[in-house]
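Chain by chain, the residues run as shown.
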Amino acid sequence: MCPKSLFVGAFTFIALSASAADRLKVLIIDGQNNHKWDITTPVLVNALDSSGAFTTEVSTTPAKGSPAEAWKDWHPDFAQYSAVVSNYNGEPWPEAVRLAFDAYMKNGGGFVSVHAADNSFPEWKEYNQMIGVGGWGKRNEESGPWLYVKDGKLFRDTSKGNGGAHGQQHEFVVEIQNTEHPITRGLPPRWLHAKDELYSRLRGPAENIEILATAKSDLTSENEPNLMVLSYGKGRVFHTTLGHADYSMLDRGFYETFQRGTEWVATGDTKATGDVPVDFPTAEKVSVVLLDGHPKQSAPAPKK
Ligand code: ZN
């Protein structure tokens, strides 16, 4: 072996080691949800870890109805993580945890809200500013406008009405509204998403928000937001309304946008996850991600 190839070999080894050390540390929060969080969290973990860009930990809250003492030991150290992902829709977190999470975000943290996480905390003003829009939990016109895209422009509908609706689950076409953003660049402008709920009529303060992708709702005949990005203080938020069930998440389109969204909130770009997968869905064909040994969700799905 000549000295030159020795040098190249050593360099490659160092580069690989550095890349492992540089993986972004992500925390997924679950523990309460009207969805099967115990089945979907492992899919979210796989989606992140399989990209090679992240190391993922899970923090599970006390179960619904637990006494206050049970919450005393639940206080994630948010500052340890480059991004926090919520797969949680349940009781309010203790005030100290809410304040810590708000400070983490204002100081430049990253947050990813997945599907029913945007049903959470209708009374928590700062959380609703982070997610921009949400549904259910008695949200209505007082929560903020209904946000959708009309003629390529973001539209804020301030008329009266409840926030949050969806019809039967079905496959639907996701349409990218901004093809330049790091989360969506290079992706086909229209792709067929696996069976899921198409959230519509989401309402909220909708400040500092951009809609990256939409799908046309049969319920409202409007282009409802599926993928959104927001800024909150110095922090960044990626909000995906997709992901009702494991079979909704086991979709290359969900995987790719979730991976990119998580990297983007952590770093402001998608250098590690930005390659378009060869099996990305087309406008006509869903691309299913197969996980060995993953239990399929067979029970009737919850309503939201
Ligand atoms: Zn759902």
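The next point concerns empty space enclosed by the protein. For the structure shown, the criterion picks out one cavity of 30 Å³ or more. Size it by volume and the largest cavity reaches roughly 40 Å³. Lining the largest cavity are Asn33, His35, Thr40, Asn87, Val114, His115, Ala116, Gly243, His244 and Met249.

Around the zinc ion, the protein contributes the donor atoms His35 (NE2), His115 (NE2), Glu197 (OE) and His244 (ND1), at 2.0 to 2.1 Å from the metal centre. Bound by four donor atoms, the zinc ion shows angles of 92 to 160° at the metal and therefore irregular coordination geometry. All donors of the zinc ion belong to a single chain; written as a sequence motif, their spacing is H-x79-H-x81-E-x46-H. Of the two residues, histidine 35 sits in the loop between β1 (24–30) and α2 (37–49) while histidine 115 sits in the loop between β4 (110–114) and α5 (125–131), which places them 80 residues apart along the sequence. With a relative accessible area of 7%, histidine 35 lands in the buried category. Classification of histidine 115 as buried rests on a relative accessible area of 1%.

Glancing now at the packing of aromatic side chains. Throughout the structure, instances matching the rule amount to 21 aromatic pairs. With 5.9 Å between their ring centres and 35° between their planes, phenylalanine 78 and tyrosine 104 make a pair best called tilted. With phenylalanine 78 in the loop between α3 (68–71) and β3 (83–86) and tyrosine 104 in helix α4 (residues 95–106), the pair connects residues that are 26 residues apart, well separated along the chain. For the pair phenylalanine 78 and tyrosine 104, a shared accessibility class is recorded, and that class is buried. Judged by centre distance (4.5 Å) and plane angle (55°), the rings of tryptophan 146 and tyrosine 148 are tilted. The class for tryptophan 146 is buried, based on a relative accessible area of 7%. Taken together, the ring pairs in this structure connect Trp71, Trp74, Phe78, Tyr88, Trp93, Phe101, Tyr104, Phe111, Phe121, Trp124 and Tyr127 into an aromatic cluster. In this arrangement the basic side chain of lysine 25 is found over the ring face of tyrosine 81, its NZ or CZ atom lying 5.2 Å from the centre. Across the ring face of tryptophan 146, the terminal group of arginine 201 is positioned such that the distance to the ring centre comes to 4.6 Å.

Further remarks concern the confidence of the model for the protein chain. Looking at the protein chain, pLDDT values average 92 and 90% of them are 70 or higher. Here residues 1–18 scores under 50 on pLDDT; set against residues more than four positions off or in separate chains, the count is one contact.

In this model, asparagine 208 sits at a positive phi of 50°, which is unusual for a non-glycine residue. Examined against the element boundaries, asparagine 208 turns out to sit in the loop between β8 (190–196) and β9 (209–216). What makes asparagine 208 exposed here is its relative accessible area of 54%. Its identity as a non-glycine residue notwithstanding, serine 221 has a phi of 60°, on the positive side.

A few words now on the nonpolar core. By size, the foremost hydrophobic cluster in this structure holds 37 residues, and its most contacted members are Val85, Val112, Val114, Phe238, Phe254, Tyr255 and Phe258. Of all the secondary-structure elements, those providing two or more residues to this core are β1, α2, β3, β4, β7 (170–176), β9, β10 (223–232) and α7 (252–267). Once you skip the residues sitting within four places of it in the chain, phenylalanine 238 turns out to touch Phe111, Val112, Ser113, Ile183, Leu227, Met228, Val229, Thr257, Phe258, Gly261 and Val265. Phe101, Leu202, Met228 and Tyr232 belong to the second largest nonpolar core, which has 34 residues in total.

Time to look at the packing of α2 against α7. Interhelical geometry of α2 versus α7 gives an angle of 70° and a closest axis separation of 9 Å. Relative to α7, the element α2 lies roughly perpendicular. When you trace α2 past α7, the crossing you get is right-handed. Residues Val43, Leu44, Asn46, Ala47 and Leu48 of α2 form the contact with α7, whose own contacting residues are Phe254, Tyr255, Phe258, Gln259 and Thr262. Tallied by class, the residues present in the contact of α2 with α7 amount to seven nonpolar, three polar and no charged.

On to the pairing of β9, then. For β9, the tally of buried residues reaches six of eight residues, placing the bulk of the element in the interior. Sheet analysis places β7 next to β9, joined by two bridges and oriented antiparallel. Bridging across to β9, glutamate 175 finds its partner in threonine 214. Counting the residues that bridge the hairpin from β9 to β10 gives six residues, and of these serine 221 lies at a positive phi of roughly 60°.

Here the focus is the pattern of salt bridges. All told, the structure shown has six salt bridges when counted by the stated rule. A salt bridge links lysine 106 to aspartate 102; the nearest nitrogen and oxygen atoms lie 2.9 Å apart. Residue lysine 106 and its partner aspartate 102 are both found in helix α4; the two are separated by four residues, about one turn of the helix. Note on lysine 106: relative accessible area 38%, which makes it partly exposed. What makes aspartate 102 buried here is its relative accessible area of 10%.

The rules behind the values
- Residues numbered from 1 in each chain as written.
- Predicted model: local features only at pLDDT ≥ 70, side-chain atom pairs only at ≥ 80, totals over all residues.
- Heavy atoms only, no water.
- 1 Å grid on protein atoms, 1.4 Å probe; cavity = no way out; pocket = protein on both sides within 12 Å on 5 of 7 lines; lining within 4 Å.
- Points joined across faces, edges and corners; volume = space filled by probe spheres on them.
- Donors = N, O, S within 2.8 Å, 3.2 Å for Na, K, Ca; no water.
- Tetrahedral: all angles 85-135°; square planar, octahedral: opposite > 155°, others 65-115°.
- Helix = DSSP H or I, 4+ residues; strand = E, 2+ residues; numbered from the N terminus.
- Buried < 20%, exposed > 50% of the residue type's maximum accessible area, 1.4 Å probe, protein only.
- Phe/Tyr/Trp six-rings, centres within 6.5 Å; stacked < 30°, edge-to-face > 60°.
- Lys NZ or Arg CZ within 6 Å of the ring centre and 35° of its normal.
- pLDDT = per-residue confidence, 0-100.
- Contact = heavy atoms within 4.5 Å.
- Core = buried A, V, L, I, M, F, W, Y, C linked by side-chain atoms within 4.5 Å.
- Axes fitted to C-alpha atoms, helices over the stretch in contact; angles between N-to-C directions.
- Parallel < 35°, antiparallel > 145°, perpendicular 65-115°, else oblique.
- Left-handed = near helix turned anticlockwise from the far one by under 90°.
- Nonpolar A, V, L, I, M, F, W, Y, C, P; charged D, E, K, R; others polar.
- Pairing = 2+ DSSP bridges.
- Salt bridge = Lys/Arg side-chain N within 4 Å of Asp/Glu carboxyl O.

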